[in-house]
Amino acid sequence: MSFNIVHAIDLDASSKDSICDATSLIQKGMLDYYEGTKYGGTVGMFQPPYYWWQAGEAFGGMLDNIYLCDNETYKDLIYDAMIAQTGENYDYIPANQSMVEGNDDQGVWGITIMGAVERNFTNPTKEGVPGWLAMVQAVFNTMYARWDSQHCGGGLRWQIFTWNSGYNYKNTIANGCLFQIAARLGRYTGNDTYLEVASKVWDWLEDVGFVVLQDKANVFDGANIENNCSSIVKIEWTYNHGVVLGGAAYMYNATNGSAIWQTRLTQVLDGAVEFFFNNSIMYERACQGSGTCNNDQRSFKSIFSRMLGLTSVLAPFTRDTIDPLIKASAEGAAKSCTGGTDGHTCGLDWTLGHHDGYYGLGEQMSALEIMQNLLINDIPGPYTADNGGSSVGDPNAGLNSSSANVLENNLSITHKDRVGAAIITAIVLGVMIGGSVWMVF
C-alpha cells in the first residue's frame, strides 16, 4: 500500500486550483488544534494556549474560504462553532468567557459574524435564534454601551471588567473593532447613524493620538487612563493597522468614495506598506525580527491579510498597491509551509524562503488568509441589504442584556427600513460583569 503525502506547498498564485489546494491543506493543519471535534472538547474553541478571540479570527478566515474556493467541507463545523459561542443573549459574551472577555475579543467575533452577514452564510433556522445581522447589532450595542466619556475624552477600555489587568488601558484594537463594525453595519443597512458612530470613534482615535495621520500614517497601540491617555504605547501591530484600514475602506465605500475617507484610507495604507513589508513580503515588525512574538502576535497577520483583501475590493483605487503585496506575501508564506511531520506546516517568517521552526494556529491561519486573498477580486464584493443580503436584523438586540452597562449614552438611530427593523431610541448602560483576554501590547 502506498500513501500520497504532500510535502511542502507548491503555490501557483495565478491558479485558483493551486490556491485552493494549498488552503485546504492549511485548514487541515488549523484543525489539528481544534477542540470541538474531540472527545470532551468545547465546540467553537481551540486548545490552549489559544484564546477565544483567536477562534473567532480563525473561523472568519475559514468562512471566507467557502466563498473564495467554493469549498463547503467545513461549513457545518463553522456554523456550529458560531452558534455555540454566541452566548445566551446572542451577543458573543458566552458563559465560558464570562470572567475573561474583553472588548477586543467580542469585537473580533463581531467582525467574523459580520462576514457571515455580508456573504449570506447559512442563516440560523432554530426557533428563537436571531439572524447573524441581529447578533452583530447586539455586539455593536453592547460594545458602544461601554463608551467611556469620563476618561481620555471617550473610547472603549481594553477590558470589560474591573478586576482584569488592562481595565485602565484604552487601545486601538478594541476601538478599531467598534469602528469597523459600525462602518460595516452602516454600509449594509443603509442606516446613517451607524456611520455617525463610526466617524465618532475615528475622531476619537485621531484626537487621542492612537491614529496619527500624515503621508504614511501611524497606528499606535494605546494608553492608560491614569495620565489621561497622554503617554501612548507607540508599538505598531499589523492587526491594529488592519482593523483601522478595513474600517476606513468600508467608510470610503459607504460614503460613495468621499474625498475625506479616500485620503484617510490612503494614509493608513501607505503607513502599513512602509512599516509591515520587507521586499513586498508582510512581516510583524515589532517582534518577528527579534524572535519575541507570543502566541497572540503570531496570529496578527491573519486579520491584516483579510483586511488588505477587503480594502482592494471596497476601494478599487488601492488595488495597484495591494495586489502585488498579497501576491509576494502569499508566495513567501507558501515557501514557509515546509515544516512539521506532514511536510507542509507553515512558519512565521515569510521572508526566508523556507520554514523557520515556528508552528501553530497563528501561523496556519495567517498563511490561509494571505493565500486565499489572492482570489478576493474574483468573487462579488460584500453584500448589502439592498443587493442580495438576506440576514434578519434587530437594531435593539442586546440592549436588555446584562452586557449593556456602565454609563448612560443615548443613541438615536434613524432607520431607513432597509432591514425592516425598529428604531433605536436609547442605550441604557449598567454595571458589567466579566473580563478580557490578554492581547499583549
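Quick caveat, the model's predicted, so the values are computed rather than measured. (Residues numbered from 1 in each chain as written. Predicted model: local features only at pLDDT ≥ 70, side-chain atom pairs only at ≥ 80, totals over all residues. Heavy atoms only, no water.)

1. Some details on a nonpolar patch on the surface
No. 1: On the surface, a nonpolar cluster with roughly 310 Å² of combined accessible area is contributed by M99, V100 and W163.
No. 2: Within the secondary structure layout, M99 lies in the loop between α3 (75–84) and α4 (103–118). (Patch = residues over 30% accessible without salt bridge, like charges linked within 9 Å, V, L, I, M, F, W, Y side chains within 5 Å. Areas by Shrake-Rupley, 256 points an atom, 1.4 Å probe, with all protein chains shown as cover. Salt bridge = Lys/Arg side-chain N within 4 Å of Asp/Glu carboxyl O. Helix = DSSP H or I, 4+ residues; strand = E, 2+ residues; numbered from the N terminus.)

2. Overview of the sheet that holds strand β4 (residues 222–224)
Strand pairing in a sheet takes place through backbone hydrogen bonds and is either antiparallel or parallel in direction.
No. 1: Reading across the sheet, the three strands line up as β1-β4-β5 and stay open at both edges, with antiparallel pairing between neighbours. The outermost strands of the open sheet, each flanked by one partner alone, are β1 (169–171) and β5 (232–233).
No. 2: As paired strands, β4 and β5 are joined by two bridges and run antiparallel to one another. Along β5, the bridge assignment pairs A223 with I232. (Pairing = 2+ DSSP bridges.)

3. What to know about the packing of helix α10 (residues 300–314) against helix α11 (residues 319–336)
No. 1: Closest axis-to-axis distance for the α10/α11 pair is 9 Å, and the angle between their directions is 145°. For α10 against α11, the interelement crossing comes out left-handed. In this structure, α10 uses L308, G309, T311 and S312 to contact α11, whose residues at the interface are R319, I322, D323 and I326. (Axes fitted to C-alpha atoms, helices over the stretch in contact; angles between N-to-C directions. Left-handed = near helix turned anticlockwise from the far one by under 90°. Contact = heavy atoms within 4.5 Å.)

4. Observations regarding the state of the cysteines
No. 1: Per the counting criterion, the structure on display carries four disulfides.
No. 2: C20 shares a disulfide with C69; S-S distance 2.1 Å. Note on the C20 and C69 pair: the S-S dihedral is about -90°, so by sign convention the disulfide is left-handed. Of this pair, C20 sits in helix α1 (residues 16–31) while C69 sits in helix α2 (residues 52–69), and the two are 49 residues apart along the sequence. Here the two residues C20 and C69 agree in accessibility, since each one is buried.
No. 3: One disulfide bridge connects C152 with C229, the sulfur atoms lying 2.1 Å from each other. Given an S-S torsion of about 80°, the disulfide between C152 and C229 has right-handed geometry. Within this pair, whereas C152 is found in the loop between α5 (132–144) and β1, its partner C229 is found in the loop between β4 and β5, the two being separated by 77 residues in sequence.
No. 4: A relative accessible area of 10% means that C152 is categorised as buried.
No. 5: If the cysteines joined by disulfides in the protein chain are listed in sequence order, their pairing comes out as 1-2, 3-4, 5-6, 7-8. (Disulfide = S-S within 2.5 Å. Buried < 20%, exposed > 50% of the residue type's maximum accessible area, 1.4 Å probe, protein only.)

5. Side note on the side chain of Q27
No. 1: Secondary-structure assignment places Q27 in helix α1.
No. 2: You can call Q27 buried: its relative accessible area is 1%.
No. 3: Polar contacts involving the side chain of Q27 include one to the side chain of N65, which spans 2.9 Å.
No. 4: Residue contacts for Q27: discarding those within four places in its chain leaves M62, N65, N71, Y74 and L368. (Polar contact = N/O pair within 3.5 Å; in protein donor to acceptor, adjacent residues only side chain to side chain.)

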